[in-house]
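Overview (structure and organization)
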Amino acid sequence: TYRQMAEETVDSCIQTAKLQPKNDCVTKGLILNGGANWTPTSYIRLVQDYGIETEVAVHLSNTYGDEANKVADLSSLTGKRWPVIGRRLHEEFPYIEAEVLYAIKEYARTAVDILARRTRLSFLNVIAAEEALPRIIQIMAKELKWNEQKQKVRHLF
């Protein structure tokens with residue numbers, strides 16, 4: 001969707017400003033980060049190698065492509081026999097705590113960024129987002145060394 005939106009935006013700018021581009025649109029064939037070695041069955045390796053439940057593995061694979069193992073590497077043990085790793089942020093959705101850590105590595109600095117942009121949970125289910133919010137703030141506070149005051153306001157911006 002974003003590729004289509006970007007192409008339409010650029011085309012509109014070209015037309016409005018009467019620009020003469022040197023090249024045609026090149027984004028259609030551009031491989032995104034994580035897409036080079038991804039296959040529809042890549043999630044199976046996550047299940048087998050990490051002990052991540054299938055629904056979460058499919059989500060990670062489809063979201064992060066061949067970079068999904070980097071998220072899995074950040075995952076902590078669940079304390080259960082199955083799944084071995086991959087604590088969920090909310091039991092009804094496949095998003096896991098390690099995704100918060102990964103997002104921080106990619107410069108996420110607010111809980112809104114995690115809930116709205118990285119996981120989309122705030123758009124899928126506002127109640128689930130509210131329930132996941134305290135844990136997200138807790139993880140971010142630990143990683144980013146937030147004091148209590150920052151913890152109270154960082155999810156707002």
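Above this text you will find the structure in question.
Residues numbered from 1 in each chain as written. Predicted model: local features only at pLDDT ≥ 70, side-chain atom pairs only at ≥ 80, totals over all residues. Heavy atoms only, no water.

Turning our attention to a negative patch on the surface. Taken together, Glu-91, Glu-92, Glu-130 and Glu-131 make up a surface patch of like negative charges. Its location among the elements puts Glu-91 in the loop between α4 (68–74) and α5 (97–105). Overall, Glu-91 belongs to the exposed group, its relative accessible area being 69%. (Patch = residues over 30% accessible without salt bridge, like charges linked within 9 Å, V, L, I, M, F, W, Y side chains within 5 Å. Areas by Shrake-Rupley, 256 points an atom, 1.4 Å probe, with all protein chains shown as cover. Salt bridge = Lys/Arg side-chain N within 4 Å of Asp/Glu carboxyl O. Lys, Arg positive; Asp, Glu negative; His and termini not counted. Charge placed at Lys NZ, Arg CZ, Asp CG, Glu CD. Helix = DSSP H or I, 4+ residues; strand = E, 2+ residues; numbered from the N terminus. Buried < 20%, exposed > 50% of the residue type's maximum accessible area, 1.4 Å probe, protein only.)

This next bit is on a nonpolar patch on the surface. Together, Leu-77, Trp-82 and Val-84 line one region of the surface with nonpolar side chains, adding up to about 300 Å² of accessible area. With respect to the helices and strands, the residue Leu-77 is situated in the loop between α4 and α5.

The next thing to look at is the side chain of Thr-78. Mapped onto the elements, Thr-78 comes out in the loop between α4 and α5. The class for Thr-78 is buried, based on a relative accessible area of 16%. Within polar-contact distance, the side chain of Thr-78 engages the backbone nitrogen of Lys-80 at 3.1 Å. A distance of 2.4 Å separates a polar atom in the side chain of Thr-78 from the backbone oxygen of Pro-83. Residue contacts for Thr-78: discarding those within four places in its chain leaves Pro-83, Val-84, Ile-85, Gly-86 and Arg-87. (Polar contact = N/O pair within 3.5 Å; in protein donor to acceptor, adjacent residues only side chain to side chain. Contact = heavy atoms within 4.5 Å.)

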